[in-house]
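Analysis of the macromolecular model
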Amino acid sequence: MQSLRPPSPPGQPAPAPCSTAPELHIASMVVHAAPRRLGDVRGAILAIGGAEIHGASETGKLVVTLEAPSTEAMLTQIAEIQRLDGVLASALVYQHSDTLAAMNEEIDDVHGS
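This is a predicted model, so every value here is computed, not measured.

**Section: the sheet that holds strand S3 (residues 61-68)**
Strand order in the open sheet formed by four strands is S2-S3-S1-S4, and the pairing between neighbours is antiparallel. Where the open sheet ends on each side, the last strands, each with one partner, are strand S2 (51-56) and strand S4 (87-99). Between one strand axis and the next, the sheet turns by 20° as a mean value, whatever way the strands run. Packed onto the sheet, helix H1 (residues 38-46) meets strand S1 (23-33), S2, S3 and S4 and runs at close to 145° relative to S2.

**Things to note about the pattern of salt bridges**
By the definition in use, this model includes two salt bridges. Two residues, Asp40 and Arg37, come together in a salt bridge whose shortest N-O distance is 3.2 Å. Residue class for Arg37 comes out partly exposed when judged on its relative accessible area of 21%. Notably, a salt bridge pairs Arg37 with Asp85, separated by 2.7 Å at the nearest N-O pair. Placement of the pair is Arg37 in the loop between S1 and H1 and Asp85 in the loop between helix H2 (71-82) and S4, with a sequence separation of 48 residues. Overlapping salt bridges bring together Arg37, Asp40 and Asp85 as one network.

**Digging into a negative patch on the surface**
Together, Glu23, Glu72, Asp98 and Glu105 make up a region of like negative charge exposed at the surface. If you trace the backbone, Asp98 turns up in strand S4.

**Points about the environment of Gly39**
Its place among the elements puts Gly39 in helix H1. Classification of Gly39 as exposed rests on a relative accessible area of 54%. Along the sequence, Gly39 and Gly60 sit 21 residues apart, while their C-alpha atoms lie 9.3 Å from each other.

**Quick word on the nonpolar core**
Among the nonpolar cores identified, the biggest contains 19 residues, and Val31, Ile45, Leu62, Val64, Leu66 and Ile81 are the most heavily contacted of them. The set of elements that each furnish at least two residues to this core consists of S1, H1, S2, S3 and H2.

**Examining H2**
The first and last C-alpha atoms of H2 sit 16 Å apart over twelve residues, in line with the 16 Å expected at 1.5 Å per residue. Every buried residue belonging to H2 is among Met74, Gln77, Ile78 and Ile81, and all of these are buried. For H2, the buried positions fall inside an angular range of 95° around the axis, keeping them on one side. What points out from H2, more than 90 degrees from its buried face, is the exposed set Glu72 and Leu75.

Rules and cut-offs
Residues numbered from 1 in each chain as written. Predicted model: local features only at pLDDT ≥ 70, side-chain atom pairs only at ≥ 80, totals over all residues. Heavy atoms only, no water. Pairing = 2+ DSSP bridges. Helix = DSSP H or I, 4+ residues; strand = E, 2+ residues; numbered from the N terminus. Axes fitted to C-alpha atoms, helices over the stretch in contact; angles between N-to-C directions. Contact = heavy atoms within 4.5 Å. Salt bridge = Lys/Arg side-chain N within 4 Å of Asp/Glu carboxyl O. Buried < 20%, exposed > 50% of the residue type's maximum accessible area, 1.4 Å probe, protein only. Patch = residues over 30% accessible without salt bridge, like charges linked within 9 Å, V, L, I, M, F, W, Y side chains within 5 Å. Areas by Shrake-Rupley, 256 points an atom, 1.4 Å probe, with all protein chains shown as cover. Lys, Arg positive; Asp, Glu negative; His and termini not counted. Charge placed at Lys NZ, Arg CZ, Asp CG, Glu CD. Core = buried A, V, L, I, M, F, W, Y, C linked by side-chain atoms within 4.5 Å. Expected span 1.5 Å × (residues − 1). Arc of directions from axis to C-beta.

And the structure:
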C-alpha cells in the first residue's frame, strides 16, 4: 500500500504520525421543554451519558451540562437532546474543550493559599 503523504524534502526527517491527546469537552445549555412533558424530558436527558441537570423550573426550563470525549460526541449529545419529544427549544450557553492533561493541571491560588 502506498502512502498518501507527500515525501519529505531531502535532508529533512519525515513528520511524526499525528497522535491526539485525550480531550474533555464541557458544555452547558438551557433546554425548554413542554411543562406537561418535563418529567419525560428530564429522565431522557439524565439517561444520556455525561449529562447532568442542575436546575429546573415549573415552566419547563432546564439547566443542563454535558461532558464528552470529542467534538463529535458532544454534537451527538446536543442533537439527541434537541430531538427529544417534548423539547421546544435549546440554547448552547457555554462550551470548552481541552486536553485531559490541561484540564487536570493544578492552578495556583492568586492569594498564595
